[in-house]
Amino acid sequence: TERRALHAQDITNILMVAATVLMATATGFGAYASWQMARVATDIFLASERPYVGVESIRLDTNDPAEPGSWITFKNVGSVPADRVVIDVSTSIDGNVVPGGLGRKHVVMSLGVLTPQTTYQFSALFPPPFIQAVVDGKSKILVSVRASYSDAAARHYCLEMNFIYYSPLKKYDPAGGSNECS
């Protein structure tokens, strides 16, 4: 009987060790699942609570033949301010970069902070001799826009977009882009 009692006690000990191992394993899986859920929640929060700077609209302005230009409206559609905003715009006509209003090939603006839902508009001028060919559709005008900005945690974001003027509809259409910083 003593032997039987020891044998039963050994089986009970083995079962308790097995239960402890199973509980430790379940606790480990639970901790891993909690960590993954916290990571997903953080990713969702970071994606929703960040600035999104983009081009709201772009239009060709030929009202003043001496200074034709492309009016570009930027907007931060995100929920938090964009910090250290730098916007670089260049205009190409028939594949050749042309100087803008300041005689530079690129118009670079350091805006600093762009608050949510705030628009910023400026014009990228180009030489007057090109305007008639662009309006008639004989020359292709391409406006390239690059926006570089950060959020409050200093995470860096970029937007690169190209817009080509489509003369039959008298409007710019997107012509490629990226959100990767180069």
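So, here's what we can say about the structure. (Residues numbered from 1 in each chain as written. Predicted model: local features only at pLDDT ≥ 70, side-chain atom pairs only at ≥ 80, totals over all residues. Heavy atoms only, no water.)

## Regarding the overall build of the protein chain
What counts is decided by this rule: Secondary structure elements follow DSSP: runs of H or I no shorter than four residues count as helices, runs of E no shorter than two count as strands, and numbering proceeds from the N terminus. Burial status follows relative accessibility: with a 1.4 Å probe on protein chains alone, a residue under 20% of its type maximum counts as buried, one over 50% as exposed, and anything between as partly exposed. The Shrake-Rupley method, run with a 1.4 Å probe, gives the accessible areas here. Residue values count only the displayed protein chains as cover. Working convention for charge: Lys and Arg count positive, Asp and Glu count negative, and His plus the chain ends are omitted. Throughout, a charge is located at the NZ atom of Lys, the CZ atom of Arg, the CG atom of Asp or the CD atom of Glu.
In terms of regular secondary structure, the protein chain is built from two helices and nine strands. Ordering the α and β elements of the protein chain from the N terminus gives α-β-β-β-β-β-β-α-β-β-β. When its C-alpha atoms are laid out on the principal axes, the protein chain stretches across 110 × 30 × 25 Å. For the protein chain, buried positions account for 27% of its 182 residues. Carbon and sulfur atoms make up 60% of the accessible area of the protein chain, which totals about 11,400 Å². Of the charged side chains in the protein chain, 15 are positive and 16 negative, and the gap between their average positions amounts to 3 Å.

## Things to note about the nonpolar core
Inclusion rule: For the purposes of this section, nonpolar cores are sets of buried Ala, Val, Leu, Ile, Met, Phe, Trp, Tyr and Cys residues that join through side-chain atoms within 4.5 Å. Between two residues, a contact is recorded if the distance between any of their heavy atoms is within 4.5 Å.
Counting residues in hydrophobic clusters, the biggest one holds 28 residues, and the most contacted among them are I72, I87, V89, F122, V145 and Y172. Elements with a minimum of two residues in this core: β1 (53-61), β2 (69-76), β3 (82-93), β5 (106-114), β6 (119-125), α2 (131-136), β7 (141-150) and β8 (156-166). In contact with I87, not counting residues within four places along its chain, are F74, V107, V108, M109, L111, F122, V145, R146 and A147.

## Side note on the pattern of salt bridges
Defined as follows: The term salt bridge refers to a pairing of a side-chain nitrogen on Lys or Arg with a carboxyl oxygen on Asp or Glu at a separation within 4 Å.
According to the stated counting rule, one finds five salt bridges in the structure shown. We note a salt bridge from K75 to E56, for which the minimum N-O separation is 3.4 Å. In this pair, K75 is assigned in strand β2 and E56 in strand β1, connecting sequence segments 19 residues apart. A relative accessible area of 17% means that K75 is categorised as buried. Across the salt bridge formed by R155 and D151, the nearest N and O atoms sit 2.9 Å from each other.

## Considering the sheet that holds β6
Operational definition: Strand pairing is defined by DSSP finding a minimum of two bridges between the two strands. An axis is simply a line fitted to the C-alpha atoms; with a helix, the fit covers only the stretch in contact. Between two such axes, the angle follows the N-to-C directions and lies from 0 to 180 degrees.
An order of β1-β2-β6 is seen for the three strands of this open sheet, with the pairing classed as antiparallel. Whereas interior strands pair on both sides, the edge strands pair on one side only; in this sheet they are β1 and β6. On average, each strand axis in the sheet is tilted by 20 degrees relative to the strand beside it, whichever way the strands run. In the sheet, β1 pairs with β2 via eight bridges, with the strands oriented antiparallel. Residue pairing for β2: S57 is matched across the bridge by T73.

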